[in-house]
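Residues per chain, in single letters:
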Amino acid sequence: MNDISLNDACALASKYMSEKTIGVEIEVLDPLHNETQVIDHAAGLGIEILACGYTHETMNCWKFVNDGSINGRELVSPPLKPIEMFKQLHSILQILTSNGYKVDRSCSVHVHHSAEKYNNKRLRYFLNHIVKNEVNFD
């Protein structure tokens, strides 16, 4: 699979995605313990990141939280509209890479979609679609 540019991702979001918010959770390994540098670098780009312990609180900024499933941290985004998510995620991933963050098979990414206007029938359809196409999603 080829990488796509930020402009291409934003164009796809504009064409195919609604304005409903999405959020991501990125599990990462931090062998150099550079969390402070990541927070400072992101702040220089206008992206706020807080260092937290363990919390499920939805915030208006990104947050580093403890993650018991890996020996590392999880970087959680605030709920954002798709184009803004792609823009911030592009910067965040570059910052993480330049500060020595790594991933391995123990790490994963979780995506949260707003489902506030979906009824039960629509959610069942969506979940059935995911289950039937699990191999493609993997």
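Scroll up a little and you will see the structure.
If you're wondering where the values come from, they're calculated on a predicted model, not measured in any experiment.

A. Representation of the overall build of the protein chain. In terms of helices and strands, the protein chain carries five helices and five strands. Mapped from its N terminus to its C terminus, the protein chain presents α and β elements in the order α-β-α-β-β-β-α-β-α-α. Relative to the 2.2 N^0.38 estimate, which gives 14 Å for 138 residues, the radius of gyration of the protein chain is 16 Å and therefore close to what a compact globule would have. For the protein chain, the spread of C-alpha atoms along the three principal axes comes to 45 × 30 × 30 Å. The buried share among the 138 residues of the protein chain stands at 35%. Intrachain contacts of the protein chain at a sequence separation of at least 6 include 66% that bridge at least 24 residues. One finds the centroid of the 13 positive side-chain charges in the protein chain at a distance of 13 Å from the centroid of its 17 negative side-chain charges.

B. Highlighting the packing of aromatic side chains. With the rule as written, the count across this model stands at one aromatic pair. Note on Phe64 and Tyr101: the rings are 6.0 Å apart at their centroids and 20° apart in plane angle, and the pair reads as stacked. Taken together, the residues span a long stretch of sequence, with Phe64 in strand E3 (residues 62–67) and Tyr101 in the loop between helix H3 (82–98) and strand E5 (109–113) at a distance of 37 residues. The burial state of Phe64 is the same as that of Tyr101; both residues are buried.

C. Representation of the sheet that holds strand E1 (residues 22–28). Spatial strand order, E2-E3-E4-E1-E5: five strands in an open sheet with mixed pairing. Pairing within the sheet leaves two strands with one partner each, and these edge strands are strand E2 (49–51) and E5. Averaged over all neighbouring strand pairs, the angle between strand axes comes to 25°, with direction disregarded. Pairing between E1 and E5: five bridges, direction antiparallel. Its bridge partner lying in E5, Gly23 is registered against His112. Its contacts with the sheet put helix H2 (residues 35–44) on E2, E3 and strand E4 (72–76), and the angle it makes with E2 is roughly 155°. The strands touched by H3 within the sheet are E1, E2, E3 and E4, with E1 carrying the most contacts at an inclination of about 15°.

D. How the structure looks around the packing of H2 against H3. Between H2 and H3, whose axes approach to 10 Å, the crossing angle comes to 145°. For the pair H2 and H3, the sense of crossing is right-handed. For the pair H2 and H3, the contacting residues are Val38, His41 and Ala42 in the first and Ile95, Leu96 and Ser98 in the second.

The rules behind the values
Residues numbered from 1 in each chain as written. Predicted model: local features only at pLDDT ≥ 70, side-chain atom pairs only at ≥ 80, totals over all residues. Heavy atoms only, no water. Helix = DSSP H or I, 4+ residues; strand = E, 2+ residues; numbered from the N terminus. Rg over C-alpha atoms; globule rule 2.2 N^0.38 Å. Buried < 20%, exposed > 50% of the residue type's maximum accessible area, 1.4 Å probe, protein only. Contact = heavy atoms within 4.5 Å. Lys, Arg positive; Asp, Glu negative; His and termini not counted. Charge placed at Lys NZ, Arg CZ, Asp CG, Glu CD. Phe/Tyr/Trp six-rings, centres within 6.5 Å; stacked < 30°, edge-to-face > 60°. Pairing = 2+ DSSP bridges. Axes fitted to C-alpha atoms, helices over the stretch in contact; angles between N-to-C directions. Left-handed = near helix turned anticlockwise from the far one by under 90°.

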